[in-house]
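Letter by letter, the chains look like this.
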Amino acid sequence: MLLNVPDKCGSMPHESADVFLLLVIKSSPWNYDRREVLRKTWAKERLQNGVWIRRVFISGTVGTGIEKRKLNKLMRLENREHHDILQWDFNDSFFNLTLKQILFLEWMQKCCPQVRFLLNGDDDIFANTDNMVEYLQSLDGNNGSKHLFVGHLIRYVGPIRESGSKYFVPVQVQESNSYPPYCGGGGFLLSGFTARVIYNMSHIVTILPIDDVYMGMCLEKAGLEPVSHFGVRTAGLHVPSHNVDAYDPCYYRDIILVHRFLPHQIFIMWHGIHEPDLKCGSSQISNSET
């Protein structure tokens with residue numbers, strides 16, 4: 001481990017129960033602009049609806065030689081100012097995302113063992129964390145101590161066998177031609193209970209380099225299931241017409257998260273949905289939920 005924030009959830013492990021929602025954001029060292037925008041918008045640490053939201057970025061390293069040293073210095077400077085980066089010395093690549101997830105879960109067991117809920121997502125999502133807190137607070141009888149794993153549910157798919165694909169998995173790595181149900185890795189919500197279960201299962205489930213599928217494999221091993229939530233749109237948000245602004249805040253004020261936003265779009269959208277005089281017609285709202 002290169003960078004750590006062991007007191008992120010409190011100076012003592014039991015104090016982590018005071019953290020209602022921990023935002024766990026996958027980032028790479030060179031994504032400085034994304035991290036800066038998130039710190040100012042949906043990932044801002046704050047008291048929301050009477051509960052605490054905290055934030056960590058999880059990262060490996062990139063490059064070699066001078067480039068690697070410069071980017072690691074950038075991360076150190078950021079962490080000195082913001083106290084929100086967990087970094088390990090492994091190559092931050094697509095096929096190491098599962099390693100990144102497991103290392104985070106190991107850290108959580110030590111430093112945030114009683115956190116209530118977590119958002120696990122990429123640094124290019126737009127997340128309405130206000131809605132997220134409301135949704136989690138509305139759960140009947142679940143304060144993070146019971147199973148929860150929700151997102152964009154993917155079922156009835158299997159490994160991509162074409163060697164030219166980004167998601168190529170050879171039969172030597174995964175013999176089965178089917179994957180268990182899982183949620184798209186762009187962003188999903190889970191309880192502290194479920195995060196601990198996944199970490200325990202990771203000791204007995206062979207690592208698969210596709211991280212979101214691996215989460216589903218760990219859930220299956222534990223006899224748990226992921227479920228769908230209409231407000232999680234990791235495949236993007238369908239806007240009904242080419243004649244309207246696809247980034248109208250009215251389409252986004254009722255969702256939980258949408259994947260693939262540029263930093264300036266996140267900044268504009270966050271302020272857009274919080275405009276006190278924002279007016280949305282009923283047709284816009286209904287279309288945004290279809």
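Residue positions are given per chain, counting from 1 as you read along its sequence in written order. With the structure being a predicted model, the display of local features is reserved for residues of pLDDT at least 70 and the display and counting of side-chain atom pairs for 80 or more, all residues being used for whole-chain, interface and lining totals. Hydrogens and water molecules were not included; the side-chain quantities draw on all heavy atoms of the structure.

S.K.: What is the right way to look at the pattern of salt bridges in this model?
M.R.: Where charged atoms from two side chains of opposite charge come close, those side chains can pair. Whenever Lys or Arg places a side-chain nitrogen within 4 Å of a carboxyl oxygen from Asp or Glu, that contact is recorded as a salt bridge. Within this structure, the stated rule accounts for 13 salt bridges. Sharing partners across several salt bridges, the network here consists of Arg 35, Glu 36, Arg 39, Arg 55, Glu 78 and Asp 84.

S.K.: How should the pairing of strand S5 (residues 117–122) be read in this particular structure?
M.R.: Within a regular strand, the side chains alternate between the two sheet faces. Summarising burial for S5: six of the six residues are buried, a large majority. When accessible area is computed with a 1.4 Å probe and restricted to protein chains, residues below 20% of their type maximum are described as buried, those above 50% as exposed, and intermediate ones as partly exposed. The helix count covers DSSP runs of H or I at least four residues long, the strand count covers runs of E at least two residues long, and both are numbered beginning at the N terminus. Burial along S5 is two-sided: Phe 117, Leu 119 and Gly 121 and Leu 118, Asn 120 and Asp 122, pointing in opposite directions, are all buried. Note: two strands are recorded as paired if DSSP finds a minimum of 2 bridges between them. Across six bridges, the pairing between strand S1 (residues 19–26) and S5 is parallel. Opposite Leu 22, over in S5, you have Leu 118 as the bridge partner. Across five bridges, the pairing between S5 and strand S10 (residues 187–191) is antiparallel. Paired with Leu 118 across the strands is Leu 190, a residue of S10.

S.K.: I keep staring at empty space enclosed by the protein and nothing clicks. Help me out?
M.R.: Sizing a probe to match a water molecule and rolling it over the atoms shows the empty space that remains. A 1.4 Å probe that fits into a set of points on a 1 Å grid over the protein atoms alone but cannot get out defines a cavity; an open set with protein on both sides within 12 Å along at least five of seven lines defines a pocket, and lining residues are those with an atom within 4 Å of a point. Grid points are joined across faces, edges and corners, and a volume is the space filled by probe spheres set on the points. The final tally for this structure, using the stated rule, is one cavity of 30 Å³ or more. Its boundaries defined by the atoms lining it, the largest cavity holds a volume of some 60 Å³. Contributing to the lining of the largest cavity are Val 24, Phe 104, Leu 105, Leu 118, Asn 120, Phe 188, Leu 190, Ala 195, Ile 198 and Met 215. Of all the secondary-structure elements, those providing two or more residues to the lining of the largest cavity are helix H3 (97–111), S5, S10 and helix H5 (192–201). Residue type decides the class: Asp, Glu, Lys and Arg count as charged, Ala, Val, Leu, Ile, Met, Phe, Trp, Tyr, Cys and Pro as nonpolar, and the leftover types, Gly among them, as polar. Here the lining of the largest cavity is built from residues that sort into nine nonpolar, one polar and no charged.

S.K.: Any chance you could explain helix H4 (residues 129–137) here in plain terms?
M.R.: Each α-helix winds once per 3.6 residues, and so residues spaced three or four apart point in a common direction. With respect to burial, H4 is a largely interior element, seven of its nine residues being buried. Taken together, the buried positions of H4 are occupied by Thr 129, Asp 130, Asn 131, Met 132, Val 133, Tyr 135 and Leu 136.

S.K.: For this particular structure, what's the right way to read the state of the cysteines?
M.R.: Linking two cysteines covalently via their sulfur atoms produces the bond known as a disulfide. Our working definition of a disulfide is a cysteine sulfur pair at a distance within 2.5 Å. Scanning the entire structure with this criterion turns up two disulfides. A sulfur-sulfur separation of 1.9 Å characterises the disulfide bridge that pairs Cys 9 with Cys 112. Handedness here is read from the sign of the S-S torsion; for Cys 9 and Cys 112, about 90°, the answer is right-handed. Of this pair, Cys 9 sits in the segment before S1 while Cys 112 sits in the loop between H3 and S5, and the two are 103 residues apart along the sequence. The residue that forms a disulfide with Cys 250 is Cys 280, at a sulfur-sulfur distance of 1.9 Å. Judged by the torsion about the S-S bond (-90°), the Cys 250/Cys 280 disulfide is left-handed. Taken as a pair, Cys 250 in the loop between strand S12 (232–233) and strand S13 (257–258) and Cys 280 in the loop between helix H7 (263–273) and helix H8 (282–288) lie far apart in primary sequence, 30 residues in all. Assigned by exposure class, Cys 250 and Cys 280 land together as buried. Described in terms of the sequence order of its bonded cysteines, the disulfide pattern of the chain is 1-2, 3-4. With no disulfide partner, Cys 183 has as its closest neighbouring cysteine sulfur the one in Cys 218, 14 Å distant.

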